[in-house]
Amino acid sequence: METEVRSELAVDGMTCSACAASIEQGLTRLDGVVSAQVNFTTSKATVFHSDVVTVDDFRTTIESLGYAAPVHLDRDAAEAARQADLWSRFRVAAVLTVLVSAVSMIRPLRFDGWEWFALVLATPIVFWSGWRFHRVAVANLRHRLVTMDTLVSVGTLAAWTWSTVVLLGNLEADVYFETSAVIITLVLLGKWLEIGATRRSGEAIRSLADLGARTALLEDGTEIAINDLEVGMRFRVRPGEKIATDGIVVEGHSAVDASMVTGEPVPVEIQAGDEVIGATVNANGSVLVEATRVGADTALAQIIRLVDEAQGSRAPIQRLADRVAGVFVPVAIAIAVVTLASWLIIGDSGSDAFTAAVAVLIIACPCALGLATPLAILVGTGRGAQLGIIIKGAEVLEDSRRLDTVALDKTGTVTEGRMELVEVISPSGEGEELLSLAAALESRSEHPIAQAIANSTESARSVTDFENRPGFGVVGSVDAVRAQVGRRDLFSEIPAEIEKLAGEAEANGQTVVFVGRGPVAQAALVVADRVKPSSAEAVAALRRQDLDLVLLTGDNERTARSVAAAVGIERVSASMFPDAKAAEIARLQDQGHRVAMVGDGINDAPALAQADVGIAVGSGTDIAMEASDLTVLRGDLLAVADAVALSRRTFGTIKGNLFWAFAYNLAAIPLAASGVLNPMIAAAAMGLSSLFVVTNSLRLRRFHASR
């Protein structure tokens, strides 16, 4: 039984998305190829195929079409080299075109035999400056494929050939050497500007790749290249240096600036036992780190991979554009032939008929149509990566537009995800001493609530006769003073005043434990999972995007309602197991809602996968992130609002680009066929339409996060 294989190849030499479409057609014609996708903006071909066909077969096909398929491609260097080549060809063409146009279009400058002068100048423009268009057009023709290069090649060669025949045959007709020269020059200029803009659109992902450290300083003082670092090695990070790779701090404490990777502006305190991300910057202290992930397994490498895959994906809306672009060139050629025949049939001169036909060929280049979607995705996902928002695929952009409901997990998403002591209730005024007793005892316990109390104050007091009573609390002697900490059931009496205040705290969804020097409670310690400072603002930001919100949590109803009220959420579903969360998402979908799920834990993975758009917050688990469509690397709910807003704005840009591209072609082709636009104006308009799409997409670089 044949197995389906996925292969990726670098492709060099494409000048527009029509080139990508022709390569796709060539690859899909091979036996054994299930599907092929070629992305012009990322210079990458992705092929799904059986094992009867190999990558070498794909390279041979790509090269036979007039393109290159190198084993290793430095895309930025290749684009820089192509931009430099275009510039040199454009400069020669521009100088010669000025001379050809001047002598052809300004009658006082004409002299006897000026047509021969125009032929001599136009020939290197057409055949050297425009050589690439002809070479690729011929290569594609051998495979019965037509692209934008075909239109430029046919249009300019037709103008040059017509003019040469008129000149050599001494015929009574106009020559159009300046037309072929101006078309080549303007198209080269447009392509040069386009590549420059496309390179800028890819700066975000390149800047991510450049974030990583180049070397690592090992524990013994040896400095090695980052590629030689292995899991388990220990390396030292001095103040101001980048952390070489993902790892765990084994010695020292410091603050880490993770803004370049996560977008989080506030430095994070780290100490022994804390995980750190490679490429983040160590702010002040010296730390020793043990590598846990290296190379392609690091968080930074996975972010780059996810962004790269997203930039190479296609939104469903692009399928329409792809189908139109696939038939556009042959239809344009047919329209040009019909235009030529129509003008001749109604009795117009051959030169006028020829001019209109060439104008149709040039103005119909579907570059803007092909660039509309992939370039917006490239810029939008790149900007997202800079802000710590990872959009995993183009489909997410379209799905985000239809969202009407956002379901939020509570713990770790709306709240901090860790228990903290928030209040000490002590009517006797002994709160500080009783807290010290409780912290000393609780330091012996592993329970999260115990750890919250133990971490709330410094307590180096001696503990003896320690006893853990599961389900009740702990007892023991602290500096020879007998004390106990735990639930109500651990005490014989809770004074009325303490009970009243404790009950109010519990009504607000907080957890209360009691402490005393004997069987009578003397104080109550209030512990809670704090709501993140930005959660209420984030909920308001999501509401402004016309989204309804619902809180889904495994916590009890009282706590869930309290948190929901604090941030402004009205709908709450509490005490939910992971399968119940997914079922609730499905229930909302059955009612016709388009639902996004936001979560951070393993228990959220089923709901994230069930949702129309799954959004994982970056402080969460790898499983949650794998199940999601969007990942926000900041553990901040405001970043979720930014992610939805960026996705929607990117999709809006795609729609705007496509509208312009369709409108331009629908309006311009009839004008060209009717003789209103001459070929030179058509060439300029074609270039300007592509530049509009490029600059409109680049506006996404100005998207700003909420903070």
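Predicted model only: the values in this text are computed from it and were never measured. (Residues numbered from 1 in each chain as written. Predicted model: local features only at pLDDT ≥ 70, side-chain atom pairs only at ≥ 80, totals over all residues. Heavy atoms only, no water.)

Teacher, can you tell me more about the overall build of the protein here?
A tally of regular secondary structure across the protein gives 25 helices and 25 strands. Classification of the 707 residues of the protein by burial places 53% in the buried group. A fraction of 68% describes how many contacts in the protein between residues 6 or more apart in sequence connect residues 24 or more apart. Accessible surface for the protein amounts to roughly 29,900 Å². Of this, 56% is attributable to carbon and sulfur atoms. (Helix = DSSP H or I, 4+ residues; strand = E, 2+ residues; numbered from the N terminus. Buried < 20%, exposed > 50% of the residue type's maximum accessible area, 1.4 Å probe, protein only. Contact = heavy atoms within 4.5 Å. Areas by Shrake-Rupley, 256 points an atom, 1.4 Å probe, with all protein chains shown as cover.)

I tried to follow the environment of leucine 552 on my own but got confused; where do I start?
Within the secondary structure layout, leucine 552 lies in strand β21 (residues 548-552). A relative accessible area of 0% means that leucine 552 is categorised as buried. Sequence separation between leucine 552 and valine 572 is 20 residues; the distance between their C-alpha atoms is 6.3 Å.

Would you mind going over the side chain of threonine 164 with me for this structure?
Within the secondary structure layout, threonine 164 lies in helix α6 (residues 148-168). Polar contacts involving the side chain of threonine 164 include one to the main-chain carbonyl oxygen of tryptophan 160, which spans 2.8 Å. (Polar contact = N/O pair within 3.5 Å; in protein donor to acceptor, adjacent residues only side chain to side chain.)

Would you explain the packing of aromatic side chains in this entry?
Centre distance and the angle of the planes are the two values used to describe a pair of aromatic rings. In total, this model carries 6 aromatic pairs according to the counting rule given. Seen from their ring centres, phenylalanine 111 and phenylalanine 117 are 5.7 Å apart, and the 65° between their planes marks the pair as edge-to-face. Taking relative accessible area as the criterion, phenylalanine 117 reaches 33% and is therefore assigned partly exposed. Between phenylalanine 491 and phenylalanine 514 the ring centres are 6.5 Å apart and the planes differ by 70°, which places this aromatic pair in the edge-to-face class. Here phenylalanine 491 is found in the loop between β18 (481-486) and α18 (496-507), whereas its partner phenylalanine 514 is found in strand β19 (residues 511-516), with 23 residues between them in sequence. (Phe/Tyr/Trp six-rings, centres within 6.5 Å; stacked < 30°, edge-to-face > 60°.)

Is there a simple way to think about the pattern of salt bridges in this case?
A side chain of one charge can pair with a side chain of the opposite charge when the charged atoms of the two come close. Under the counting rule described, the total for this entry stands at 21 salt bridges. Ionic pairing is found between glutamate 420 and arginine 530, a salt bridge with its closest N-O pair at 2.4 Å. Here glutamate 420 is found in strand β15 (residues 415-425), whereas its partner arginine 530 is found in strand β20 (residues 523-531), with 110 residues between them in sequence. Owing to a relative accessible area of 22%, glutamate 420 belongs among the partly exposed residues under this scheme. (Salt bridge = Lys/Arg side-chain N within 4 Å of Asp/Glu carboxyl O.)

Honestly, the sheet that holds strand β13 (residues 389-391) in this entry has me stumped. Any pointers?
Sheet strands pair via backbone hydrogen bonds, and the direction of the pair is either parallel or antiparallel. If you walk across this open sheet you meet the 7 strands as β13-β25-β24-β23-β14-β21-β22, and the pairing is mixed. Edge positions in the sheet fall to β13 and β22 (571-573), since each has one partner strand and no second. Strand-to-strand twist across the sheet, computed as the mean angle between neighbouring axes with direction ignored, equals 20°. The pairing of β13 with strand β25 (residues 630-632) spans 3 bridges and is antiparallel. (Pairing = 2+ DSSP bridges. Axes fitted to C-alpha atoms, helices over the stretch in contact; angles between N-to-C directions.)

I would appreciate a short explanation of the nonpolar core in the present structure.
Nonpolar side chains in soluble globular proteins tend to end up buried together. If you look at the biggest cluster of nonpolar residues, it comprises 45 residues, and the most contacted ones within it are Leu408, Ile569, Val598, Ile615, Leu630 and Leu637. For this core, the element with the most residues is helix α24 (residues 637-673), which contributes 11 residues. Residue contacts for leucine 408: discarding those within four places in its chain leaves Val414, Val539, Leu549, Val550, Leu551, Leu552, Ile569, Val598 and Leu637. One finds Trp114, Ile125, Val187 and Ile362 within the second-largest nonpolar core, a separate group that totals 31 residues. (Core = buried A, V, L, I, M, F, W, Y, C linked by side-chain atoms within 4.5 Å.)

Would you mind showing me how to read helix α2 (residues 55-64) here?
Since the α-helix advances by 3.6 residues per turn, residues separated by three or four positions end up pointing in the same direction. All of the buried residues along α2 are Phe58, Arg59, Thr61 and Ile62. Down the axis, α2 shows its buried residues gathered within 165° of arc, on one side only. Summarising the geometry of α2, the exposed residues directed more than 90 degrees from the buried face are Asp56 and Thr60. Just downstream of α2, glycine 66 is the residue with a positive phi angle, here 100°. (Arc of directions from axis to C-beta.)

What is the right way to look at the sheet that holds strand β5 (residues 223-225) in this model?
Pairing is antiparallel across the open sheet formed by 6 strands, whose spatial order is β5-β4-β6-β12-β7-β10. Sheet topology places β5 and β10 (275-276) at the edges, where each strand pairs with a single neighbour.

What am I meant to see in the packing of helix α19 (residues 535-544) against α24 here?
What describes two packed helices is the angle between their axes and the distance between those same axes. Close contact between α19 and α24 brings their axes to 7 Å; oriented N to C, the two are set at 20°. Considered as vectors, α19 and α24 are oriented roughly parallel to each other. Here the hand of the crossing between α19 and α24 comes out left-handed. Residues Ser535, Glu537, Ala538, Val539, Ala541 and Leu542 of α19 pack against Leu637, Leu638 and Ala641 of α24. The class makeup of the residues in the contact of α19 with α24 is 7 nonpolar, 1 polar and 1 charged. (Parallel < 35°, antiparallel > 145°, perpendicular 65-115°, else oblique. Left-handed = near helix turned anticlockwise from the far one by under 90°. Nonpolar A, V, L, I, M, F, W, Y, C, P; charged D, E, K, R; others polar.)

What is the right way to look at unusual backbone geometry in this model?
The phi torsion of most residues other than glycine is negative, and most of the peptide bonds are trans. Unusually for a residue other than glycine, alanine 279 sits at a positive phi of about 85°. Its location among the elements puts alanine 279 in the loop between β10 and β11 (281-282). The buried category is assigned to alanine 279, whose relative accessible area is 1%. Positive phi values are uncommon outside glycine, yet aspartate 465 reaches one of about 55°. With respect to the helices and strands, aspartate 465 occurs in strand β16 (residues 463-469). For aspartate 465, a relative accessible area of 55% gives the class exposed.

Quick question: what am I supposed to make of the packing of helix α12 (residues 350-363) against α24 here?
Axis separation between α12 and α24 bottoms out at 8 Å; the angle between their running directions is 165°. It follows from the interaxial angle that α12 and α24 lie roughly antiparallel. Helix-helix and strand crossings are classified by hand; for α12 and α24 the assignment is right-handed. Here α12 contributes Ala356, Ala359, Val360 and Ile363 to the contact with α24, which in turn contributes Tyr664, Asn665, Ala668, Ile669, Ala672 and Ala673.

What's the story with α24 in this structure? I'm lost.
Taking 1.5 Å per residue, 37 residues should reach 54 Å; α24 reaches 55 Å between its end C-alpha atoms and fits that length. Remark: glycine 675 follows α24 within two positions and exhibits a positive phi of approximately 90°. (Expected span 1.5 Å × (residues − 1).)

Is there a simple way to think about the environment of glutamate 537 in this case?
Structurally, glutamate 537 can be placed in helix α19. Of the residues examined, glutamate 537 reaches a relative accessible area of 41% and is grouped as partly exposed. Residues glutamate 537 and leucine 637 lie 100 residues apart in sequence; the distance between their C-alpha atoms is 8.7 Å.

Where do I start with a nonpolar patch on the surface in this structure?
Residues Val95, Leu99, Phe111 and Phe117 make up a contiguous nonpolar surface patch of roughly 350 Å² in combined accessible area. Along the chain, the position of phenylalanine 117 falls in helix α4 (residues 114-129). (Patch = residues over 30% accessible without salt bridge, like charges linked within 9 Å, V, L, I, M, F, W, Y side chains within 5 Å.)

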